[in-house]
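Okay, here's what each chain looks like letter by letter:
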Amino acid sequence: MKKGVLLINLGTPDSPNVRDVRRYLTQFLNDPYVIDINPLGRFFLVNCIIVPFRAPKSAKLYGKIWTAEGSPLLVHGIKLKEQLQQQLGEGYLVELGMRYQNPSIESAFLKLKRAGVSEVTVIPLYPQYATSSTESTIQAVNRVSKKHGFTRLRIIDKFYQDPGFLDALCEVAKKYAISDYDHILFSYHGLPERQVKKVYPLHCRINDACCAVISGQNELCYRAACYETTRQMVRRLGIPEGKYTTAFQSRLDDKWLKPYSDKVVEEKAKEGMKKMLVFSPAFVADCLETIYEIGTEYAEIFHEHGGEKLQMVESLNTHPKWVEALKKMVLGSK
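Residues numbered from 1 in each chain as written. Predicted model: local features only at pLDDT ≥ 70, side-chain atom pairs only at ≥ 80, totals over all residues. Heavy atoms only, no water.

Participant: Help me out: how do you make sense of helix 4 (residues 105-114) in this one?
Facilitator: Every α-helical turn comprises 3.6 residues, leaving residues that sit three or four positions apart pointing alike. Within helix 4, burial applies to Ile105, Ala108, Phe109 and Leu112. The buried residues of helix 4 occupy an angular sector of 95 degrees when the element is viewed end-on, so they sit on one face. Residues of helix 4 that are buried sit in contact with strand 1 (3-11), strand 2 (92-100), strand 3 (119-124), helix 5 (131-147) and strand 4 (152-155). (Buried < 20%, exposed > 50% of the residue type's maximum accessible area, 1.4 Å probe, protein only. Helix = DSSP H or I, 4+ residues; strand = E, 2+ residues; numbered from the N terminus. Arc of directions from axis to C-beta. Contact = heavy atoms within 4.5 Å.)

Below, the structure is given as structure tokens:
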């Protein structure tokens, strides 16, 4: 009897058309783990304000990164699924699901069920645990798997300290001569500070002292995990102190995790930095936030303030080292 593997990423619109983007944003932003406010307030904010105004703008941005094959996030996800299937062999069935939109988590479980899979290893493709991504996905997985009678389930809820994951990141970095760059930016997706504090409400301080070392007191803290990811990469890549910054992108207001990536890009350009290399270790597949936000918007900010070259380091996507790392995670979960 085959064993199952379910890879899950956040999701993507079915197309860059406004209608499909609106459907995606509606499902995504109505998730109480994503916008964790009063349900009535969330409904009004999302459906009457954010989605109507944001959908047309987001559709234009998705149109800029869309490829002939489709959404980059989905394209990379499908190829990753196929390559992991090849590595694991006939004893496993690998499926891909998205937390929002298609292919859905339920469609993936239905395929596993039809194949007679007895147990499933679930890997949400978010290296650092966060309630708005990981926990939301775990709750959806538990709900759907129970509905379809799956009882043997193992969920890998984080892997930012996994040696294979870190080795894969550093292998991708070898494409670039790091010493040629004036500054290295490690840019992670931002979160509201309140969401970070909710995980450890009694002692979370959101400062460098609190996040300096990973322990049982902060192993599920998103900020601490991001800084630990940076420390591990800096050590492996031999980047000297003072030449790198950890920051957070995609903020919606001034109560999100700091420092802000776009502000760091601007400040470093004003300081006279001419070449900047940007990693995005919270994303395992290139998407709107890497291709456009970093690759286009941040490059424009850097040039506008005197910089010459901002280079985005591509995500893991389907790098062989990344496929190997996932294989080891699955086999290690026996």
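Picking up where we left off.
Participant: Would you explain the sheet that holds strand 6 (residues 244-249) in this entry?
Facilitator: By definition, the strands of a sheet pair up through backbone hydrogen bonds, in either a parallel or an antiparallel sense. Here four strands make up an open sheet; going across it, the order is 6-5-7-8 and the pairing parallel. At either margin of the open sheet sits one strand with a lone partner, and together these are strand 6 and strand 8 (309-312). Ignoring which end each strand starts from, the neighbouring axes of this sheet average 25 degrees apart. Where strand 7 (residues 275-279) meets strand 8, four bridges bridge the pair, whose relative direction is parallel. Bridge pairing in strand 8 places Met276 opposite Leu310. (Pairing = 2+ DSSP bridges. Axes fitted to C-alpha atoms, helices over the stretch in contact; angles between N-to-C directions.)

Participant: When you look at the packing of aromatic side chains in this model, what are you seeing that I'm missing?
Facilitator: Note on aromatic pairs: each is described by the distance of the centres and the angle between the planes. Here the structure, examined in full by the defined rule, presents eleven aromatic pairs. Considering the side-chain rings of Phe186 and Tyr244, the 6.2 Å spacing of their centres and the 85 degrees angle between planes classify their relative orientation as edge-to-face. Of the two residues, Phe186 sits in strand 5 (residues 183-189) while Tyr244 sits in strand 6, which places them 58 residues apart along the sequence. Note on Phe186: relative accessible area 0%, which makes it buried. For the pair Tyr227 and Phe248, a centre-to-centre distance of 6.3 Å together with 50 degrees between the ring planes defines the contact as tilted. Of this pair, Tyr227 sits in helix 8 (residues 222-237) while Phe248 sits in strand 6, and the two are 21 residues apart along the sequence. (Phe/Tyr/Trp six-rings, centres within 6.5 Å; stacked < 30°, edge-to-face > 60°.)

Participant: In this structure, what is going on with the pairing of strand 6? I would like to understand it.
Facilitator: Two faces make up the sheet, and in a regular strand the side chains alternate between them. For strand 6, a buried count of six out of six residues is recorded, marking the element as mostly surrounded by other parts of the structure. Residue alternation in strand 6 divides its side chains into two sets, Tyr244, Thr246 and Phe248 and Thr245, Ala247 and Gln249, and both sets are buried. Inspection of the sheet shows strand 5 paired to strand 6 by six bridges, in the parallel sense. Across the sheet, the residue bridging to Phe186 is Thr246, located in strand 6.

Participant: Help me understand a nonpolar patch on the surface, please; the structure alone is not making it clear to me.
Facilitator: Taken together, Phe44, Ile49 and Phe53 make up a surface patch of nonpolar side chains, about 330 Å² in accessible area. Tracing the backbone shows Phe53 in helix 2 (residues 39-65). (Patch = residues over 30% accessible without salt bridge, like charges linked within 9 Å, V, L, I, M, F, W, Y side chains within 5 Å. Areas by Shrake-Rupley, 256 points an atom, 1.4 Å probe, with all protein chains shown as cover. Salt bridge = Lys/Arg side-chain N within 4 Å of Asp/Glu carboxyl O.)

Participant: What am I meant to see in helix 11 (residues 320-331) here?
Facilitator: Taking 1.5 Å per residue, twelve residues should reach 16 Å; helix 11 reaches 16 Å between its end C-alpha atoms and fits that length. Within the sequence span of helix 11, burial applies to Trp322, Val323, Ala325, Leu326, Met329 and Val330. Angular distribution of buried residues about the axis of helix 11 spans 160 degrees; they occupy a single face of the element. Facing away from the buried side of helix 11 by more than 90 degrees, the exposed set consists of Pro320 and Lys328. Those residues of helix 11 hidden inside the fold are in contact with strand 1, helix 3 (72-88), strand 2, strand 3 and helix 6 (163-173). (Expected span 1.5 Å × (residues − 1).)

Function-wise, these values are silent; they only describe arrangement.
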